[in-house]
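# Structure assessment
Listed below, chain by chain, are the residues.
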Amino acid sequence: MFFGKRLKDEIDYNNLPEHIGIIMDGNGRWAKKRGLPRSAGHSAGAESLKKIITEANKIGIKYITVYAFSTENWKRPKAEVDYLMNLLLDYLKDAENSLAGENVVIRTIGSRKELSAEIQEQIKKTENFTSKNTGIVMNIALNYGAREEILNAARQLCEDVKNGKKNPEDITDEDFAGCLYTKNQPDVDLLIRTSGEQRLSNFMLWQVSYAEMWFTDKLWPDFKPKDLRQAICDFQNRGRRFGGV
Ligand code: IPE
Ligand code: IPE
Ligand code: MG
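Read on for an overview of the structure. (Residues numbered from 1 in each chain as written. Chains lettered and ligands numbered in written order. Predicted model: local features only at pLDDT ≥ 70, side-chain atom pairs only at ≥ 80, totals over all residues. Heavy atoms only, no water.)

### Things to note about the sheet that holds strand E4 (residues 137-144)
To keep it simple, the criterion reads: Criterion used throughout: strands pair if DSSP finds at least two bridges between them. For helices the rule is a DSSP run of H or I covering at least 4 residues; for strands it is a run of E covering at least 2, with both sets numbered from the N terminus onward. Only C-alpha atoms enter the line fits that serve as axes; for helices the fit covers just the stretch in contact. Angles between N-to-C directions range over 0 to 180 degrees. Two residues form a contact once any of their heavy atoms are found within 4.5 Å.
Taking strand neighbours across the sheet as the criterion, the 6 strands line up as E3-E4-E2-E1-E5-E6 in an open arrangement whose pairing is parallel. Edge positions in the open sheet fall to strand E3 (105-109) and strand E6 (212-215), since each of these has one partner strand only. Sheet twist, expressed as the average angle between the axes of neighbouring strands with direction ignored, equals 20°. Across 4 bridges, the pairing between strand E5 (residues 190-193) and E6 is parallel. The residue of E6 that forms the bridge with Leu 190 is Glu 212. Across the sheet, helix H5 (residues 117-130) lies against E3 and E4, angled at about 145° from E3, the strand it touches most.

As structure tokens, this is what we get:
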């Protein structure tokens, strides 16, 4: 044991990732392994999410974005999509008591207009209800796709140019980031994906430019607070260079 040197499996609270992204994958396979319908995997996944948010908040993480439903997930059977939408509605309602009580700020990112009127209403309610909280900011990526987000940003900037508010050559990195759903939030430092898949699946293409990627074979419902702590420790043991030496 070396004094003054941090242990490899202990979190350094002075060097936390500011923003963690999570691609919560593997609910279906978790259920299949148990001979259960995919819906049971999604319910178990929602429980897992609550515990992880509580833990991330306790650790002192400032921002967390969790991928709950992608713009491509509409391709799934209608019954599964309906189940997921109901689960998300319940999650948002319940979060007003549980997570709001833990001082969590809840927001959603993604395109709202394709969601049901009921979900859109609940999103507004939950966002308003938690907006004054001062704990972790949780972005739920719901009907989210990075290409849709980037295209939207390009359209907004084109409008500004058309209206004479901006010159194309003056558009900056910050201007662009300011048109994304995550405006005023830091880039993702640590990206976690469960279930053994190692791809982005249209998640935060702009914001993960310099994120450290952390993959685990664990399926999302099996992902525990201690796994989150492990991911953060591993992140802290990596050398980030941002193109420098
Ligand atoms: C992630 O689990 C949840 C969503 C995409 C909504 P999956 O449903 O993708 O589970 P697998 O990948 O089929 O196991
Ligand atoms: C990504 O998982 C989307 C979410 C976790 C919500 P998918 O299961 O949809 O991704 P692919 O199809 O394996 O790339
Ligand atoms: Mg999947």
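### A short note on the site of ligand 1
Defined as follows: Proximity is defined per residue: if any heavy atom of the residue lies within 4 Å of a molecule or strand, that residue is considered near it. Contacts described as polar in this section are N or O atom pairs within 3.5 Å, which, within protein, must combine one atom able to donate a hydrogen with one able to accept it, while residues neighboring in sequence count only if both atoms come from side chains.
Close to ligand 1 lie Met 24, Asp 25, Gly 26, Asn 27, Gly 28, Arg 29, Arg 38, His 42, Ala 68, Asn 73, Arg 76 and Leu 84, which account for all nearby residues. The contact in question runs from an oxygen atom of ligand 1 to an N or O atom on the side chain of Asp 25, over 2.9 Å. The contact in question runs from an oxygen atom of ligand 1 to an N or O atom on the side chain of Arg 29, over 2.7 Å. Secondary-structure elements contributing two or more residues to the shell around ligand 1 are helix H1 (27-33) and helix H2 (38-59). When residues of the shell around ligand 1 are assigned to their parent elements, the largest contribution, 3 residues, is made by H1.

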